[in-house]
Amino acid sequence: MGQHYEEFIRRVKELADLGHAQGMLSWDQETYMPPRGAGPRARSLGTLAGIYHERLTDPALVALVEKLRAGDLQGDAEVNLRYVERDQRRALKIPRELVVELSQTQSLAHEVWVEARKKSDFPLFRPWLEKLLGLQQEVAHRVGFEGSIYNAFLDQFEPYARIETVAPLLEQLRLRLVPLVKGIAAAGLRPAVGILDREFPVDRQEAFGRRVLADLGFDLERGRLDVSVHPFCSSTSPEDVRLTTRYSARQLTSALFGIIHEAGHGLYEQGLPADVEGTPVGGSVSLGIHESQSRLWENMIGRSRDFWEHYLPVLREYFPDQLKGVEVDAFYAAVNQVAPSLIRVEADEVTYNLHILLRFELEQALVEERVSVAELPELWDEKMVSYLGIRPPDAAKGVLQDTHWSIGLIGYFPTYSLGNLYAAQFFAQAQKEMPGLMAGVAQGDLLCLKGWLNRQVHTKGRRLNAGELVQAVTGEGLQVEYFAEYLEEKYGELYHLR
Ligand code: ZN
């Protein structure tokens, strides 16, 4: 087995290197590439994707996987084999022509979506979404699934998750959120958000953001912070983790919370086990677990009163005139304003998950063919009214707002809400184990929590799947209760609901 396994790992690391090259080209495309570079870049990425597919399905690697499967691998070796086998099985079942057609349809559909959103013209996008959906369903049938066809979609982003467990969790969450949102609206309290509506020079915002990054323990010897249109975190190794954000002089919170959010992803990547880098076991667990790290830092820490107890005076050093006379309570209330809004990415912590639920329910109904693409805009608007009490004035602010479906990311949305649930459950456990955690945060100590997350989550790599990880860290399976309670307590106090 030793020799076969060594050869297997050599090939797996080569695949990881190809993935790194793709990741770096994509990072550059979003940050520094000149606009005319798009054509050649698309070709390079296409070529690399082709080579990756060839190497993954190389008969020699297929034979190695079979030989190793017949043996009895344990521990890290078993995890590596299982994840490579998963990817390989999927790649082998999808013929090259279908891969190419899907990739081309995604590029074209995305371009039409950009145009359709600009004109708020859903019928323009409709045939493309229908085609994309049909191709994705074909892929799902070829790859195979148990239960609902939606499981084949979800499994790409949240391995081993199933609709049969995810749907009831999200439904429970909805039942807790809708009355909370109504209660907040009925309370009639309006935080003085005007204190955030001032001119905050971008270079000062960046300086403060870098200060917080350093305090969080994000290592800039092993990472970078740059600017892009859509903030993201991209990593090729724990030694090279890149974050981006976007600045706007009149929007202090957008860049700031963007940096903290992406730093949460970045700390996870920097904390992964470096000794098994380049093999599946050295990777992150799932999109949901990844999002739990960013949400925990952004919302549960970054939007906490304790955090601002320490950081408002620091922020005032950077913006003495703009923040003169602003007290912690007012600032804390302003960065936690809850108001139903049309756009998911601008939504607050409470209403955010209702935006996700709406998308999750619609995409599930779509792939299960219970609704048609043509019915989407009307169903979208009806759900917005029912969940948030507002009706989008047009498709651009409704069904056309997100890019996900236009690039074939169907089954991705629930990972955002799962991330919030995981985050709250980890956070509750961290506080249970370290009762002084938030008192430390109020003194500017963020490293205590970082160390805990390093030990409990990051260094485990992909040795446990998401369900096993939450069980191992918190002693129980994923619950809605922790997140619901966290929101009810925090916002109950902010909006005087009790
Ligand atoms: Zn994120």
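Residues numbered from 1 in each chain as written. Predicted model: local features only at pLDDT ≥ 70, side-chain atom pairs only at ≥ 80, totals over all residues. Heavy atoms only, no water.

Visitor: Quick one: what's the story with the pattern of salt bridges, residue by residue and with numbers?
Guide: Throughout the structure, instances matching the rule amount to 37 salt bridges. With a closest N to O distance of 3.0 Å, Arg174 and Glu171 form a salt bridge. With Arg174 and Glu171 both in helix H8 (residues 163-187), this residue pair falls three residues apart, about one helical turn. Accessibility expressed as a relative area gives 29% for Glu171, which makes it partly exposed. Of the charged contacts in the structure, one is a salt bridge between Asp240 and Arg242, with a shortest N-O distance of 2.8 Å. Through salt bridges that share partners, Glu7, Arg10, Arg11, Glu14, Arg55 and Asp58 make up one connected network. (Salt bridge = Lys/Arg side-chain N within 4 Å of Asp/Glu carboxyl O. Helix = DSSP H or I, 4+ residues; strand = E, 2+ residues; numbered from the N terminus. Buried < 20%, exposed > 50% of the residue type's maximum accessible area, 1.4 Å probe, protein only.)

Visitor: Account for the environment of Lys67, naming residues and giving values.
Guide: Tracing the backbone shows Lys67 in helix H3 (residues 59-70). Given a relative accessible area of 47%, Lys67 falls into the partly exposed group. Separated by 63 residues in the primary sequence, Lys67 and His4 place their C-alpha atoms 7.9 Å from one another.

Visitor: Give me helix H5 (residues 96-119): which residues, what numbers.
Guide: At 3.6 residues per turn, the α-helix brings residues three or four places apart onto the same side. Between its first and last C-alpha, H5 extends 35 Å over 24 residues, near the 34 Å set by a 1.5 Å rise per residue. Here H5 has its buried residues at Leu98, Leu102, Thr105, Ala109, Val112, Trp113 and Ala116. Against the buried residues of H5 lie helix H6 (122-143). (Expected span 1.5 Å × (residues − 1). Contact = heavy atoms within 4.5 Å.)

Visitor: Lay out helix H16 (residues 414-433) with the relevant residues and their values.
Guide: If you check H16, its first and last C-alpha atoms are 29 Å apart, about what 20 residues at 1.5 Å a residue would give, namely 28 Å. Burial analysis of H16 places 16 of its 20 residues in the buried class, the great majority of the element.

Visitor: Go over the pairing of strand E2 (residues 233-237), please, and point to the residues and values.
Guide: If a strand is regular, its side chains alternate between the two faces of the sheet. Both E2 and strand E3 (residues 240-245) contribute to a ladder of four bridges, which runs antiparallel. Its bridge partner being in E3, Cys233 is matched across the sheet by Leu243. In this structure, the hairpin formed by E2 and E3 is closed by a connection of two residues. (Pairing = 2+ DSSP bridges.)

Visitor: Let's hear about the packing of helix H1 (residues 2-31) against helix H2 (residues 38-56): which residues, and what values?
Guide: Two numbers describe a pair of packed helices, the interaxial angle and the distance between the axes. Their axes nearest at 10 Å, the elements H1 and H2 cross at an angle of 165 degrees. Classed by the angle they form, the pair H1 and H2 counts as roughly antiparallel. In terms of crossing hand, the pair formed by H1 and H2 is left-handed. Note on element contacts: H2 touches H1 through Arg41, Ser44, Leu45, Leu48, Ala49, Ile51, Tyr52, Arg55 and Leu56, opposite Glu14, Leu15, Leu18, Gly19, Ala21, Gln22, Leu25, Ser26, Asp28 and Gln29. Along the lines of polarity and charge, the residues of the contact of H1 with H2 split into 10 nonpolar, five polar and four charged. (Axes fitted to C-alpha atoms, helices over the stretch in contact; angles between N-to-C directions. Parallel < 35°, antiparallel > 145°, perpendicular 65-115°, else oblique. Left-handed = near helix turned anticlockwise from the far one by under 90°. Nonpolar A, V, L, I, M, F, W, Y, C, P; charged D, E, K, R; others polar.)

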